[in-house]
Amino acid sequence: MAIVAQSSKLSNVLWPVLAWIVGLLFFFPIFWMVLTSFKTDADAVKPEYLLWFTPTLDNYLNMTENYDYWRFARNSVITSVFATIFTLVVGIPAAYAMAFNPTKRTKDVLMWMLSTKMLPAAAVLYPMTFLTKSLGLFDTHFMIILVLSLINLPIVIWMLFTYFKEIPKDIIEAGKMDGVDTLGEIKEILIPLAWGGIASTALLCFIFCWNEAYWTVRLTTTDAATLSKLIEGNRAPEGLFFGRLSAVSTAAVGPIVVLGWFCQKQLVQGLTFGAVK
Amino acid sequence: MGRIQLENVTKSFGDVEVIPPLNLTIEDGEFAVFVGPSGCGKSTLLRLIAGLEETSSGNVIIDDEDMTEVPPSKRGLAMVFQSYALYPHMTVRKNIAFPMRMAGLDEDEQEKRITAAAKALNLTDYLDRKPGQLSGGQRQRVAIGRAIVRDPSAFLFDEPLSNLDAALRVGMRLEISEMHNRMQTTMIYVTHDQVEAMTMADRIVVLQAGVIEQVGSPLELYHEPRNKFVAGFIGSPKMNFISGDEAAKHGAHTIGIRPEHTEVSTTEGLWKGVVGVAEHLGSDTFIHVHDTGLAGTFTVRITGDIAVRHGDTVYLTPQADQIHKFDTEGLRVA
Ligand SMILES: Nc1ncnc2c1ncn2[C@@H]1O[C@H](COP(=O)(O)OP(=O)(O)OP(=O)(O)O)[C@@H](O)[C@H]1O
Ligand SMILES: [Mg+2]
């Protein structure tokens, strides 16, 4: 008895402390980035201004005036929104089919989809760039949307599949008996029932699209360039523009952090749905 | 109309043939009950009729129209599931309205039918609740309501009452029977509760391993079971089977005697035995008799009460005109 009581008392203290340490560790780089974004490039590298410095908005003003932040932001929104929509439009029926009409090969198909994520992006860099350019799709929204959709489809289908699996088959069958066709089943029964799962999948997909850098940096120059490209463009090898870089990065992650904050409840609910059940 | 014919229907899952070629006709307006042991293919057969399962070969014909390739949504049948399968995101009203909305019925007509169904099924006070806020019995009523409003050509029930407690089951059994009398629509009802089968059915279909053992009215099955399997399956407690010399006296390989067709006496009779367990139900008494010299325990059912206890000696005499005779294959001999 005594031992049990003691260890639980200990863990009452230990867990929160541990959680705080881990939390702060994760939060620190972001905090540092935001802090640095209010320093001038010169101050940013001086140890004496580590915490106490004269804050300035120059980096942000500079960014919107000279680098056309809004164009990059608009491209990020367009590509991420359309890629997410496209991914769901393809992913929902695919996951539906596998969850409710499985065949002997369904497991293999799922594994195969995941295996496409195992291919290192670098391995297809040259053919992809070459193809994109020869098809005249270099630096177009279309290409970026396509690429973002394709790289996220496997994980989206996997997530949707696990949510759909939770829905009793009887309910879908009741729908069939009540006279709905396949499209109706998806619209009237599946989507309303799996709404939490679909929303959190969509949000995650959107975040992945927003933060994607490998392809967006390499397949764009100006017209379809996203915020990732803007950050990349402000990366100087000498490391002299830390203030500017931090401001750009803060402005790039800002929208997604705000979105994530508002959808927090939804996201946690969706992501733990399977575990809680 | 609702005449359902199965012509040489088979069903295999992979290499396993669950339903060998099967022929069956269910007449319009009939209440047909499928019974059989667990895993014998009752649900599979029902789902083949519904279209939720594709036939491996053969045809499903509804009202003289070949429906084998027609999807479930277009067959005009309604199904009530064991799990109720209500739409959890919709209120009771929306659940009941759903098939009508899908069929494109106008709102006034929908409302009229919902009101009528809710009244018939005692659901009027619950129309705005979600299924999660209802008891099992109420959920089952909603499922039935959802089935009746669309006026189907036949109802399919897959063990609709098995999740309910005993008292509720008896009540719902009556309600469904009354519903059938009122509507005169074809109903196919799967159960493994033989009391449900006996009380509700116009015709019972007894299945074993996907094969129809016998089709007939409850009393036909009771009085003239075609083979040992049906004889043992229909009736409660189970029929007593006796092989060997006693059977040979009647010119049969095996004889079957129902518990209720046996006289019990404490003084004289054909077979002598010792009472193992006596179950006193008040209205009836079930006596399990050991050491009769016949194989196994012999069960007797007598109306009313009789003062016998564990360890008492009793004498059993079967009613001569109620002895069922079976040959070596287990088939009935006249
Ligand atoms: N989807 C399936 N895949 C493979 N085998 C199946 C499938 N569905 C049913 N079976 C098999 O078919 C046989 C008949 O099943 P079915 O569900 O029709 O039995 P049942 O008579 O309804 O039994 P119960 O009374 O237990 O509900 C069983 O042996 C079962 O294992
Ligand atoms: Mg079954």
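Residues numbered from 1 in each chain as written. Chains lettered and ligands numbered in written order. Predicted model: local features only at pLDDT ≥ 70, side-chain atom pairs only at ≥ 80, totals over all residues. Heavy atoms only, no water.

1. With respect to the site of ligand 1
All names here are of chain B. Near ligand 1 the following residues occur: Phe13, Val18, Ser38, Gly39, Cys40, Gly41, Lys42, Ser43, Thr44, Glu159 and His192. In this structure, an oxygen atom belonging to ligand 1 sits 2.8 Å away from a main-chain N or O atom of Gly39. Here an oxygen atom of ligand 1 sits 3.2 Å away from a polar atom, N or O, in the main chain of Cys40. Surface burial for ligand 1 is 56%, taken as the share of its 630 Å² of free accessible area covered by protein chains. When residues of the shell around ligand 1 are assigned to their parent elements, the largest contribution, three residues, is made by helix 1 (residues 42–50). Counted by class, the shell around ligand 1 contains three nonpolar, six polar and two charged residues. (Near = heavy atom within 4 Å. Polar contact = N/O pair within 3.5 Å; in protein donor to acceptor, adjacent residues only side chain to side chain. Areas by Shrake-Rupley, 256 points an atom, 1.4 Å probe, with all protein chains shown as cover. Helix = DSSP H or I, 4+ residues; strand = E, 2+ residues; numbered from the N terminus. Nonpolar A, V, L, I, M, F, W, Y, C, P; charged D, E, K, R; others polar.)

2. Some remarks on the packing of aromatic side chains
In this structure the tally under the stated criterion is 16 aromatic pairs over all chains. With 6.3 Å between their ring centres and 45° between their planes, Phe28(A) and Phe31(A) make a pair best called tilted. Separated by three residues within a single helix, Phe28(A) and Phe31(A) lie in helix 1 (residues 2–36), roughly one turn from each other. Judged by its relative accessible area of 45%, Phe28(A) falls in the partly exposed class. Classification of Phe31(A) as partly exposed rests on a relative accessible area of 34%. One aromatic cluster in this structure is built from Phe27(A), Phe28(A), Phe31(A) and Trp32(A). The positively charged end of Lys228(B) is found above the aromatic ring belonging to Phe241(B), 5.3 Å away from the centroid. Over the face of the ring belonging to Tyr222(B) we find Arg258(B), whose NZ or CZ atom lies 4.3 Å from the ring centre. (Phe/Tyr/Trp six-rings, centres within 6.5 Å; stacked < 30°, edge-to-face > 60°. Buried < 20%, exposed > 50% of the residue type's maximum accessible area, 1.4 Å probe, protein only. Lys NZ or Arg CZ within 6 Å of the ring centre and 35° of its normal.)

3. Brief notes about the domain arrangement of chain B
All names here are of chain B. The assigned domain composition of chain B is domain 1 (4–230) and domain 2 (237–326). Put simply, the middle of domain 1 and the middle of domain 2, counted by C-alpha atoms, are 38 Å apart. Listed as interface residues are six residues of domain 1 and, on the opposing side, seven residues of domain 2. Summed over both sides, the interface of domain 1 with domain 2 buries roughly 590 Å², with 59% coming from carbon and sulfur. Counting the surface domain 1 buries against domain 2, the share from its top three residues, Tyr222, Pro225 and Lys228, is 81%. Counting every contact that joins domain 1 to domain 2 gives zero salt bridges. The tally of links between domain 1 and domain 2 comes to two residue pairs in polar contact (both at pLDDT 80 or more). Among the elements that make up the side of domain 1 that touches domain 2, the one with the highest residue count is helix 7 (residues 218–223) (three residues). (Domains from an automatic or database assignment. Contact = heavy atoms within 4.5 Å. Buried area = accessible area lost by both parts, 1.4 Å probe. Salt bridge = Lys/Arg side-chain N within 4 Å of Asp/Glu carboxyl O.)

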